[in-house]
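Residue-level listing of the chains:
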Amino acid sequence: MTASETGSAAQPDGRVLEGGHSVSVIVATAIVVADMVGVGVFTSLGFQVKELTSGFSILLLWTIGGLVALCGVFSYSELGAMFPRSSGEYNFLSRAYHPAFGFLAGWVSATVGFAAPVALAAMAFGQYGRVVVPGAPPLALALGVVCLVSIVLLTGIKHSSTFQLLSTILKVVLIVSFLIAGFRIGATQPVSFAPSSSDFGHVVSAPFAISLVFVMYSFSGWNAATYIIGEIADPDRSLPRALFLGTAIVIVAYVGLNAVFLAVTPMRELAGQLDVAMIAGSHMFGEFGGRVVGMLICIGLVSSISAMMWIGPRVTMTMGEDMPLLRVFSRRSKKDVPAAAIVFQLLVSTLLLLTGSFEAVLDFIQFSLTFCSFFTVLGVIKLRITQPKLARPYRAWLYPVTPLVFLAVMLWMMYYLVVNRPLQSLAGFAMMLSGLAIYAVSLHLSKVGSSDSSQTTGSPTIV
């Protein structure tokens, strides 16, 4: 059956998009924003103010985290424009190094790399949803939101784009409203955001460096659009714009939110607390503020779950296109979506929710994800040296400064994880390496299939 017979449009790079519908820059930007803004920004401040009591230092911390994320954006944009195929690190590492390396990254993403964050966001949705709807069972809410989002994604790119865009716009509107309300109320606490002589000590301290690790986790997701490059219209231009705009919007939102939290809430009440947004909301709006903030976070989590449920299966789908053993996941439905891959991620997320093991999973995949990001950006430098004549529709801004800054921070994060969480880091690395067994089996099956085909047709085998 041809593309025209299914009502789909064939693209110059071989992509086939449902009914001619492709992902616009606005929707791709929404996916980046949605994937980045989860619970991290609403919970991290409580641990930062235990050691950092300077308003300027805390806002600088979030600004630096955003700038490092932008350094990653520039490098991923160069790779995405060079190799416009969905699946993120799986595609980039395969092209920059070797398909086996790419498979290791894809293996983590396809199994738990997205399913575990989906489960965590869904459980957070259940906890905050209980505040909005008193008496509602958190687990039922968590399972319900994951199933609902999956059903929407199975209806096709057009409906998925509309749902993602509307939920993300609503999230941004609520955050902006929260910021406006906070700034209109004004600072009620003795906190200064202007630099002072004592701030230098805070910035070079160990607590500042440690806090930066968790800030970077809050910024994770800046590369979200690279997982769906194959569905983005005009990726050479659209991908860099979506990554940059999405990350820039989140930087402004994160810095603004933390400024409001500090301005309206005593630091002693925030120190060590997870629900800093709820506490700040109570100070701003009274008792009703808790429900307002709970609703804001719930809506934000829906768009985050949608983004991760959208992009995660695209990795599995692309791996299925390359690996005979995973071929079932490459199949698209009549709506031109990887239905089997979406259902697979739904099942893994549901299993993690029912067993409550997703936090443990997140602990040991952190090192693997950081490791893959490090070598992806290093691949930009490698390709500039080894293949300088490759077409580069987009070039990383301020190369090589921006990739080197990103690499330095990622290297420090990996060191921190190995020192402070050696068993989890080792387990995560071992899980990534376990993908080599799957890769070897699939490669063997591919060679056997090619051999059988050549014997049948009498043509030479191409490996």
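See the structure shown above.
First, a word on scope: everything that follows refers to the structure included in this document.

**Concerning the overall build of the chain**
If you tally the helices and strands in the chain, you get 20 helices and 2 strands. Computed over C-alpha atoms, the radius of gyration of the chain comes to 22 Å, within 12% of the 23 Å expected from 2.2 N^0.38 for 463 residues, which places it in the range of a compact globule. A principal-axis box enclosing the C-alpha atoms of the chain has dimensions of 80 × 50 × 40 Å. Contacts in the chain between residues far apart in sequence, at least 24 positions, make up 80% of those at least 6 positions apart. When the accessible surface of the chain is split by element, carbon and sulfur atoms take 68% of a total near 19,200 Å². The chain carries 25 positive and 20 negative side-chain charges, and their two centres are separated by 4 Å.

**Let's talk about the packing of helix H2 (residues 25-36) against helix H10 (residues 157-185)**
Two elements in contact, H2 and H10, have axes separated by 9 Å at closest approach and are oriented at 55 degrees. Relative to H10, the element H2 lies oblique. Of the two possible hands of crossing, H2 and H10 adopt the one that is left-handed. Contacts between H2 and H10 involve Ile26, Val27, Ala30, Ile31, Val33 and Ala34 on the former and, on the latter, Ser161, Gln164, Leu165, Thr168, Lys171 and Val172. In the contact of H2 with H10, the residues fall into 8 nonpolar, 3 polar and 1 charged.

**What to know about the side chain of Ser218**
Mapped onto the elements of the fold, Ser218 is located in helix H12 (residues 206-218). Look past the residues within four positions of Ser218 in its chain and what remains in contact with it is Met36, Gly40, Val41, Ser44, Trp62 and Tyr254.

**What to know about the nonpolar core**
Core analysis: the largest hydrophobic core is formed by 148 residues, its most contacted members being Phe42 and Phe219. In this view, Phe219 contacts Met36, Trp62, Gly65, Gly66, Ala69, Val250, Ile251 and Tyr254; residues no more than four positions away in its chain are not counted.

**Let's talk about the state of the cysteines**
Per the stated rule, a full pass over the model turns up 0 disulfides. Left unpaired, Cys71 is separated from the closest cysteine sulfur, that of Cys372, by 20 Å. Judged by its relative accessible area of 10%, Cys71 is buried. Of all cysteine sulfurs in the structure, the one in Cys298 sits closest to Cys147, which takes part in no disulfide; the separation is 17 Å.

**A short note on the packing of aromatic side chains**
Within a pair of aromatic rings, the relevant descriptors are the distance that separates the centres and the angle that separates the planes. In this structure the tally under the stated criterion is 26 aromatic pairs. Taking 6.4 Å as the distance between ring centres and 80 degrees as the angle between the ring planes, the aromatic pair formed by Phe214 and Tyr416 counts as edge-to-face. With Phe214 in helix H12 and Tyr416 in helix H19 (residues 401-420), the pair connects residues that are 202 residues apart, well separated along the chain. For Tyr416, a relative accessible area of 14% translates into the label buried. With 4.7 Å between their ring centres and 50 degrees between their planes, Phe371 and Phe375 make a pair best called tilted. One end of the pair, Phe371, and the other, Phe375, are both in helix H18 (residues 358-386), 4 residues apart, so they sit about a helical turn from each other. In this structure an aromatic cluster arises from ring pairing among Tyr97, Phe101, Phe367, Phe371, Phe374, Phe375 and Phe429.

**Looking at the packing of helix H7 (residues 99-113) against helix H16 (residues 288-322)**
How two helices sit against one another is set out by the angle between their axes and by the gap between those axes. H16 packs onto H7 with a crossing angle of 135 degrees between their chain directions and a minimal axis gap of 8 Å. Considering the angle they form, H7 stands oblique to H16. Crossing of H7 against H16: the hand is left-handed. Only Val315, Thr316 and Met319 of H16 make contact with H7, whose side of the interface consists of Phe103, Gly106, Trp107, Ser109 and Ala110.

Reading guide: rules and limits
Residues numbered from 1 in each chain as written. Predicted model: local features only at pLDDT ≥ 70, side-chain atom pairs only at ≥ 80, totals over all residues. Heavy atoms only, no water. Helix = DSSP H or I, 4+ residues; strand = E, 2+ residues; numbered from the N terminus. Rg over C-alpha atoms; globule rule 2.2 N^0.38 Å. Contact = heavy atoms within 4.5 Å. Areas by Shrake-Rupley, 256 points an atom, 1.4 Å probe, with all protein chains shown as cover. Lys, Arg positive; Asp, Glu negative; His and termini not counted. Charge placed at Lys NZ, Arg CZ, Asp CG, Glu CD. Axes fitted to C-alpha atoms, helices over the stretch in contact; angles between N-to-C directions. Parallel < 35°, antiparallel > 145°, perpendicular 65-115°, else oblique. Left-handed = near helix turned anticlockwise from the far one by under 90°. Nonpolar A, V, L, I, M, F, W, Y, C, P; charged D, E, K, R; others polar. Core = buried A, V, L, I, M, F, W, Y, C linked by side-chain atoms within 4.5 Å. Buried < 20%, exposed > 50% of the residue type's maximum accessible area, 1.4 Å probe, protein only. Disulfide = S-S within 2.5 Å. Phe/Tyr/Trp six-rings, centres within 6.5 Å; stacked < 30°, edge-to-face > 60°.

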